[in-house]
Number of protein chains: 2
Amino acid sequence: MTSSATAARKVKSAGRSGQRASKNAARIRDVSLDLFAQKSFSAVTIKEIGQATGLNTAMIYYYFDDKEDLFRDTVETAVQRTMEAFEARRPADGDPEAVIANWLETHVEQLELIRKFVKISVDYASSATRVARIDDAIKRFYEGEHDILAAAMSEASKGRFSAAEIDRMIELFSTYLDGVMVRSVIDPDFDAKAAVHSLRNYALGLMHAEDLDEGSPRLR
Amino acid sequence: MTSSATAARKVKSAGRSGQRASKNAARIRDVSLDLFAQKSFSAVTIKEIGQATGLNTAMIYYYFDDKEDLFRDTVETAVQRTMEAFEARRPADGDPEAVIANWLETHVEQLELIRKFVKISVDYASSATRVARIDDAIKRFYEGEHDILAAAMSEASKGRFSAAEIDRMIELFSTYLDGVMVRSVIDPDFDAKAAVHSLRNYALGLMHAEDLDEGSPRLR
DNA sequence: GTCTATAGTCGGATAGAC
DNA sequence: GTCTATCCGACTATAGAC
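Residues numbered from 1 in each chain as written. Chains lettered and ligands numbered in written order. Predicted model: local features only at pLDDT ≥ 70, side-chain atom pairs only at ≥ 80, totals over all residues. Heavy atoms only, no water.

As annotated in an unreviewed UniProt entry, chain A carries the name TetR/AcrR family transcriptional regulator and is attributed to Methyloligella solikamskensis.

### Here we look at the confidence of the model for chain A
Where we set the bar: The pLDDT value tells you how sure the predictor is about a given residue, anywhere from 0 up to 100. Here, residues are in contact when the closest pair of their heavy atoms is within 4.5 Å.
Within chain A, residue pLDDT values average 90, and 88% of them lie at 70 or more. In this model residues 1-8 of chain A is a low-confidence stretch, pLDDT under 50, and it forms 10 contacts with partners more than four residues away in sequence or in other chains.

### A word on the protein's contact with DNA strand C
Formally: Here a residue counts as near a molecule or strand whenever at least one of its heavy atoms sits within 4 Å of it. In protein, a polar contact requires one atom able to donate a hydrogen and another able to accept it; more generally it is a pair of N or O atoms within 3.5 Å, and residues adjacent in sequence count only if both atoms are side-chain atoms. By the criteria applied, helices consist of DSSP H or I runs no shorter than four residues and strands consist of E runs no shorter than two, each listed in order from the N terminus. Residues are grouped as follows: Ala, Val, Leu, Ile, Met, Phe, Trp, Tyr, Cys and Pro are nonpolar; Asp, Glu, Lys and Arg are charged; every other residue, Gly included, is polar.
Lining the immediate environment of DNA strand C, one finds 13 residues, of which Asn24(A), Asn56(A), Met59(A), Ile46(B) and Tyr61(B) sit closest. Protein-adjacent atoms of DNA strand C, using a 4 Å cutoff, are sugar or phosphate at a proportion of 69%. Between DNA strand C and the protein, one listed contact pairs a phosphate oxygen with a side-chain N or O atom of Tyr63(A) at 3.4 Å. Lys67(B) places a polar side-chain atom, nitrogen or oxygen, 2.9 Å from a phosphate oxygen of DNA strand C. Element by element, the count of residues in the surface near DNA strand C is highest for helix α3 (residues 57-63) of chain A, at four residues. Here the surface near DNA strand C is built from residues that sort into seven nonpolar, four polar and two charged.

### Regarding the interface of chain B and chain A
Test applied: Using a 1.4 Å probe, buried area is obtained as the accessible area two parts lose upon being combined, added over both of them. Any Lys or Arg side-chain nitrogen found within 4 Å of a carboxyl oxygen on Asp or Glu counts as a salt bridge.
Residue-level contacts link 41 residues of chain B with 41 residues of chain A. Interface area for chain B against chain A, summed over the two sides, is near 3,300 Å², with a carbon-plus-sulfur share of 67%. Where chain B packs against chain A, one counts two salt bridges. We note a salt bridge from Arg183(A) to Asp178(B), for which the minimum N-O separation is 2.9 Å. Inspection of the chain B/chain A interface yields 10 residue pairs in polar contact (both at pLDDT 80 or more). If you list the elements that add at least two residues to the side of chain B that touches chain A, you get α1 (24-39), α6 (111-125), α7 (132-157), α8 (163-186) and α9 (192-208) of chain B. Its residues placed into classes, the side of chain B that touches chain A shows 19 nonpolar, 12 polar and 10 charged.

### With respect to the nonpolar core
In plain terms, the rule: Put simply, a nonpolar core is a bunch of buried Ala, Val, Leu, Ile, Met, Phe, Trp, Tyr and Cys residues held in one set by side-chain atoms that sit within 4.5 Å of each other. Relative accessibility thresholds used throughout: buried, under 20% of the residue-type maximum; exposed, over 50%; partly exposed, between the two (1.4 Å probe, protein chains only).
Ranked by internal contacts, the top residues of the largest apolar core, which has 142 residues, are Trp103(A), Met153(A), Phe173(A), Ile100(B), Trp103(B), Met153(B) and Phe173(B). Each residue touching Met153(B), except ones within four places of it in the same chain, is listed here: Ile100(B), Ile166(B), Met169(B), Ile170(B), Phe173(B) and Met207(B).

### Observations regarding the relation of the copies chain B and chain A
Both copies of the chain are related through a single rotation about an axis accompanied by a shift along the same axis. Put simply, the rule is: Least-squares superposition of the copies uses the C-alpha atoms of those residues scoring a pLDDT of at least 70 in each of them.
Note on the identical chains: chain B maps onto chain A by a rotation of 180 degrees and an axial translation of 0.0 Å, with an RMSD of 0.0 Å. Expressed as an axis order, the relation between the two copies is that of a two-fold axis. Among all residues of chain B, the minimum C-alpha distance to the rotation axis is found for Gly179(B), at 1.7 Å. A share of 100% of interface residues in chain B that are also interface residues in chain A marks the association as one of identical surfaces.

### A word on helix α1 (residues 24-39) of chain A
All names here are of chain A. To be explicit about the condition: Each helix should span, by expectation, one fewer than its residue count multiplied by 1.5 Å.
For α1, with 16 residues, the first-to-last C-alpha span of 22 Å sits near the 22 Å given by 1.5 Å per residue. Along α1, the residues that are buried comprise Ala25, Ile28, Arg29, Val31, Ser32, Leu33, Leu35, Phe36 and Ala37. Lining the buried residues of α1 we find α2 (46-53), α3, α4 (67-88) and α6 (111-125). Backbone geometry just downstream of α1 places serine 40 in the positive-phi region, at approximately 65 degrees.

### A few points about the protein's contact with DNA strand D
Among the 14 residues in the neighbourhood of DNA strand D, the closest are listed as Ile46(A), Tyr61(A), Asn24(B), Asn56(B) and Met59(B). Taken together, the sugar and phosphate atoms account for 68% of what DNA strand D places within 4 Å of the protein. The contact in question runs from a phosphate oxygen of DNA strand D to an N or O atom on the backbone of Val44(A), over 3.3 Å. Take Tyr63(B): an N or O atom from its side chain is 3.3 Å from a phosphate oxygen of DNA strand D. Where the surface near DNA strand D is concerned, the elements lending two or more residues are α2 of chain A together with α3 (57-63) of chain B.

### What to know about the pattern of salt bridges
Going through the model one piece at a time under the given rule, you end up with 28 salt bridges over all chains. Taking the shortest distance from any N to any O, the salt bridge between Glu105(A) and Arg200(A) comes out at 2.7 Å. You can see Glu105(A) sitting in helix α5 (residues 96-109) and its partner Arg200(A) sitting in helix α9 (residues 192-208), a full 95 residues away along the chain. Its relative accessible area of 18% is what places Glu105(A) among the buried residues. Close ionic contact of Arg72(B) with Glu76(B) constitutes a salt bridge, the shortest N to O distance being 2.7 Å. Within this pair, Arg72(B) and its partner Glu76(B) are both found in helix α4 (residues 67-88), separated by four residues, close to a single helical turn. Of the two residues examined, Arg72(B) and Glu76(B), each falls in the buried class. Linked by salt bridges that have partners in common, Asp69(A), Arg72(A), Glu76(A) and Arg133(A) make up one network.

### Observations regarding α7(B)
Taking 1.5 Å per residue, 26 residues should reach 38 Å; α7(B) reaches 36 Å between its end C-alpha atoms and fits that length. A positive backbone phi angle near 40 degrees is found at Lys158(B), which sits one or two residues after α7(B).

This is the structure in structure tokens:
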């Protein structure tokens, strides 16, 4: 990963929107997401991506500047798809509890996708190179999660919880969800769906609690 | 990572015990743990390890068969050190709540070490190659955690919780702890210590709960 | 847009002198 | 035990024909 911040796109396919996406580019994107999630940046070879897509290796350089550019595109794609999946199943009415449940159900429905995203984020975070657009994409995911949940929890609890309390609860949920994702990477037998549902029940139960100091055991 | 299950040790340094450890081997081990935790198996180069240890690259092959052998040794070392750290602070008397608190405090005290272990496990789990001794080491960690907590929780709750209920609680704790570790990899500002302490309070509170069906929100 | 061929580089691993 | 020199393979990336 060489850091050339000024990597001008070689060809069309207009950034992250605009998507004149030549079907081939889409194939490369899909395959890259799978491979980068499975095997770490340096373990994935361009030849491998070529084989998996059925495209000549040179074609990859036709659509992307270099391996890093492709990696960046992959991360951005993963975040975008997750948020789209959430929006696609967002209920029409504004029921805040439904919004919370929806975010968690998105994790069940898009388990594969989010697992890939978390896995790639871990790899990237512990690599030496920083790429602004990748940092932004990762931030977009976690801040998106925060904003969705904060708005819903604030509305659902109608002032019973302070903003600070809500922030702490969200950090907790978010941490647990990350745990679910890694754990299902490490242990194939792990029941991620059940783990997310536990959290959903807990979260919805919390929304009905009078306040956070009832004395019964609670994460905080 | 080529899989040669029958990799006979080239030189002495007797497995994982016996430790006639030639100081150099120890240096290599330490540096490797850092690097493999930072950079994924294939991103770490032997030359890099040489530079970081101040040893000639050929020396690494004097002490270890090949890169994979060194990696395996690294994982085994991490697990062993974690368990040793836990045992070192284990209280003399058999108070079960102190045992639970001790396991969690070990995570605070040895945050770096366990974070490295989890990071390496994630990398390894999602690589193609399986190495029996690495699988065993990872299993040893999670089963060790399970056994420590199961015994303590069983004793602390004196039959109020069934074995199945205890297993579910442990899976939950364990998942959350994994979440804490990844999150502190992804986000350097994450307060891992506070997150572990939240869990400790929650866990000890649970041990004092009459049963698991009090109606108040609880993860299960 | 697609493919072949290849330049250029780097990393793992060993042989063998000291 | 330690170091130099080096072989071999693999990978990124490009030039250029079609």
